[in-house]
Each structure stands twice: as C-alpha cells, then as structure tokens.
Amino acid sequence: LVVIDEAYADFAGVSADALLSEFPNLVVCRTFSKWAGLAGLRCGYALGHVDLIERMLAIKQPYNVNVAAEAMARAALKHRDKILVTVRSLMTERDKTIAFLKEYRFLQPHPTHSNFVLCDVVGADAAAMQQFLREKGVLVRYFGTQGGQLQNNIRISAGRPVDTERLLTALREFEALRFFPAAFTALQQHRSVECILFDVDGVIVDVSKSFRQAILDTAAHFGAAVTPQDIQNAKAKGGANNDWKLTHTLIVDKGVKDPPTLEKVTEKFEEL
C-alpha cells in the first residue's frame, strides 16, 4: 500500500491522482485544512481503488465527520473556484517572499510547493529571531524545541501583501540589530521618519547629459548661445536650483531680443 499526502496539492499545482487507475495499491489523501482554510474542522478525504475504499469505510469510526465540518466541506467544494483565487494570491506572496528572503545573509530559504517556506538561519539564533519577530507582530514557527535536525530553522507562512511587508520590515530591523547595531540604534531614534530623500542633482548623479543639456537646448531654441560654463558659474553663485528659472535668466542675460516668458521656457524645457 502506497499512501501520498496531498495536503498542499493545490499550492503545488501537481497531483498523483492520475496514477490511481494504474496502481490499485495507491491511496491519495487530501484535506480541506489548507486550500479551504478549514483546519479546525478536521475534514478530509481519500482517493483510491474501490476495493481499498470499501475496506476503509468498513473500519472507520461512525460519524467521524461532524455535521458542521460536512456542511463547510460541501460549501468549500461548491465555491472551490472562488477559494482558489485566494490560493493563487497566497502562491504569489509565497514566491515574492522567497525572492526577498534570498537577499538576507542570515536566511537560506528551501524550495517549496506549499503555502510556507522553511529557512535555515545562518549566523544568527533562530529562537532569538522568532522572539524578535513576535515582538514586532510577526508570527513564524520555530522548531528548535522539537529536537531533530531543525534546531536552527524557522518556517514562514504566506499571507496577505500587507503581512509580507510587515515581515520584511521586521527582518530589516533584525538585520540591523544583529549585524549593524549602530545603524539599528540610529534607526530607533528616527522611527517616525517615513522616508529619506536625497537631492541627487549634480551630487550623486551626473546630470550633465540630462538636466543641464536641457538647459542648453532650451536656450538654443530661443536663440541664446549658453555654454556649460555659464551654467556652472550660475550654479556656483547659489540660488539656482530651479532649472526653469535658471534657463530663463541665462536667456535674458544673453541679450536675446524679445526674450520668452518663464512659462514658454518651462514648456520647452519639459518638452525636451
């Protein structure tokens, strides 16, 4: 007798049920706990050769499925297509979570076809990580208390997009605390800050072929022979952060007859 547990078949996208007609000694077990979310009702079923199923029915306990569980199972089957929309959403979040987890030095996610991912915790303590995440409102499963070979592993279940974001935020904080304590301390002092904006213009990014080229081309359109040095000299004086106004000023300074308005300069600049 060969028994295959297909609790996560709907998340895996594959099944052994096609083999039932070929192997009369095969039994495929399914549950409503995972895909239908009915874990608390303990309802499932088995697929197999008629001779095997008859023997199973003969020895099973009477009324082993209660009325509530049966009603919910029937409802789940009736609305299976709608429920599978949620299953597909969880699969998407699972795959997205795995992709993000690979970016962390202390987590090594294993391949999975279920609604969760098992991770090796490397260079950190899994129990401490689980407790840290719990304090951040993120629940993951830790196996260290059960013995075996999963002493430093955690299991992360797929959830809603907002749950994934909360997990990743908590993991970033754990990474900072574990590997960059000084950065973590600084982060804690500025928890109310939602984002940091960098003024990249001419500092972090070379804009000579973008914004400054647009200044040159706009000025040329209106008949002003502005040079890169003209722009640099104007920037060096200060107060020239608005490239539209700077372009307009440079055109006027070049003595263009009937200089355009700022609105016209802005329109051409944006076009370029």
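Before reading on, note that the structure itself is shown above.
All values derive from a computational prediction rather than experimental measurement.

### Looking at the overall build of the protein chain
(1) Moving on: Tallying secondary structure elements over the protein chain gives 11 helices and 7 strands in all.
(2) Moving on: Taking 19 Å as the expected radius of gyration for a compact globule of 272 residues, we find that the protein chain reaches 32 Å, considerably beyond that expectation.
(3) Moving on: Taken along its principal axes, the extent of the C-alpha atoms in the protein chain is 100 × 45 × 35 Å.
(4) Moving on: Counting over 272 residues, the protein chain shows a buried share of 32%.
(5) Moving on: Sequence separation of 24 or more characterises 55% of the internal contacts of the protein chain that already satisfy a separation of 6 or more.
(6) Moving on: Surface summary for the protein chain: the accessible area is close to 17700 Å², and the carbon and sulfur share equals 56%.

### Examining unusual backbone geometry
(1) Moving on: Of note in the backbone geometry, R42 takes a positive phi value of approximately 50 degrees without being a glycine.
(2) Moving on: Along the chain, the position of R42 falls in the loop between β2 (26–31) and β3 (44–48).
(3) Moving on: Residue R42 is classed as exposed on the basis of its relative accessible area of 67%.
(4) Moving on: Here Y63, not a glycine, exhibits a phi torsion of approximately 55 degrees, which is positive.

### Concerning the packing of aromatic side chains
(1) Moving on: Summed over the entire model, instances satisfying the criterion amount to 8 aromatic pairs.
(2) Moving on: Centre to centre, the rings of Y104 and F106 are 5.4 Å apart; their planes meet at 50 degrees, and the pair counts as tilted. We note that Y104, like F106, is buried.
(3) Moving on: Positioned above the aromatic ring of F179, the side-chain terminus of R105 is 4.7 Å from the ring centre.
(4) Moving on: Positioned over the ring face of F116 is R155, at 4.4 Å from the centre of the ring.

### Some remarks on the sheet that holds strand β5 (residues 116–121)
(1) Moving on: Taking strand neighbours across the sheet as the criterion, the 4 strands line up as β4-β5-β7-β6 in an open arrangement whose pairing is antiparallel. If you trace the sheet from one side to the other, it starts and ends with β4 (107–109) and β6 (141–142), each paired once.
(2) Moving on: The pairing of β6 with strand β7 (residues 153–157) spans 2 bridges and is antiparallel. When the sheet's bridge partners are listed, R141 is paired in β7 with R155.

### Concerning the layout of surface pockets
(1) Moving on: Its boundaries defined by the atoms lining it, the largest pocket holds a volume of some 440 Å³.
(2) Moving on: Contributing to the lining of the largest pocket are 15 residues, with C43, G44, Y45, A46 and V65 lying nearest its centre.
(3) Moving on: Secondary structure elements with two or more residues in the lining of the largest pocket: β3, α2 (50–59) and α3 (67–78).
(4) Moving on: For the lining of the largest pocket, the leading source of residues is α3, giving 4 residues.
(5) Moving on: Partitioned by chemical class, the residues of the lining of the largest pocket number 10 nonpolar, 2 polar and 3 charged.

### Some thoughts on the environment of T86
(1) Moving on: Note that T86 resides in helix α4 (residues 80–101).
(2) Moving on: The exposure class of T86 is partly exposed, given its relative accessible area of 48%.
(3) Moving on: Through-space distance from the C-alpha of T86 to that of G159 is 9.9 Å; in sequence the pair is 73 residues apart.

### Considerations on a nonpolar patch on the surface
(1) Moving on: Side chains of V193, I196 and F198 sit close together on the surface and give an oily, nonpolar patch of about 350 Å² of accessible area.
(2) Moving on: Secondary-structure assignment places I196 in the loop between α7 (181–189) and α8 (211–221).
(3) Moving on: For I196, a relative accessible area of 64% gives the class exposed.

### As for the pairing of β7
(1) Moving on: Here 5 bridges tie β5 to β7, and the two strands are oriented antiparallel to one another. When the sheet's bridge partners are listed, L118 is paired in β7 with R155.

### Comments concerning helix α11 (residues 262–271)
(1) Moving on: Turning to α11, its buried residues are V265, T266, K268 and F269. Each buried residue of α11 sits inside an arc of 165 degrees when the element is viewed along its axis, so together they form one side. For α11, exposure combined with an orientation more than 90 degrees from the buried face picks out E263, K264, E267, E270 and E271.
(2) Moving on: Buried residues along α11 sit against α8 and α10 (243–253).

Cut-offs used in this document
- Residues numbered from 1 in each chain as written.
- Predicted model: local features only at pLDDT ≥ 70, side-chain atom pairs only at ≥ 80, totals over all residues.
- Heavy atoms only, no water.
- Helix = DSSP H or I, 4+ residues; strand = E, 2+ residues; numbered from the N terminus.
- Rg over C-alpha atoms; globule rule 2.2 N^0.38 Å.
- Buried < 20%, exposed > 50% of the residue type's maximum accessible area, 1.4 Å probe, protein only.
- Contact = heavy atoms within 4.5 Å.
- Areas by Shrake-Rupley, 256 points an atom, 1.4 Å probe, with all protein chains shown as cover.
- Phe/Tyr/Trp six-rings, centres within 6.5 Å; stacked < 30°, edge-to-face > 60°.
- Lys NZ or Arg CZ within 6 Å of the ring centre and 35° of its normal.
- Pairing = 2+ DSSP bridges.
- 1 Å grid on protein atoms, 1.4 Å probe; cavity = no way out; pocket = protein on both sides within 12 Å on 5 of 7 lines; lining within 4 Å.
- Points joined across faces, edges and corners; volume = space filled by probe spheres on them.
- Nonpolar A, V, L, I, M, F, W, Y, C, P; charged D, E, K, R; others polar.
- Patch = residues over 30% accessible without salt bridge, like charges linked within 9 Å, V, L, I, M, F, W, Y side chains within 5 Å.
- Salt bridge = Lys/Arg side-chain N within 4 Å of Asp/Glu carboxyl O.
- Arc of directions from axis to C-beta.

Geometric values such as these leave the question of function open.
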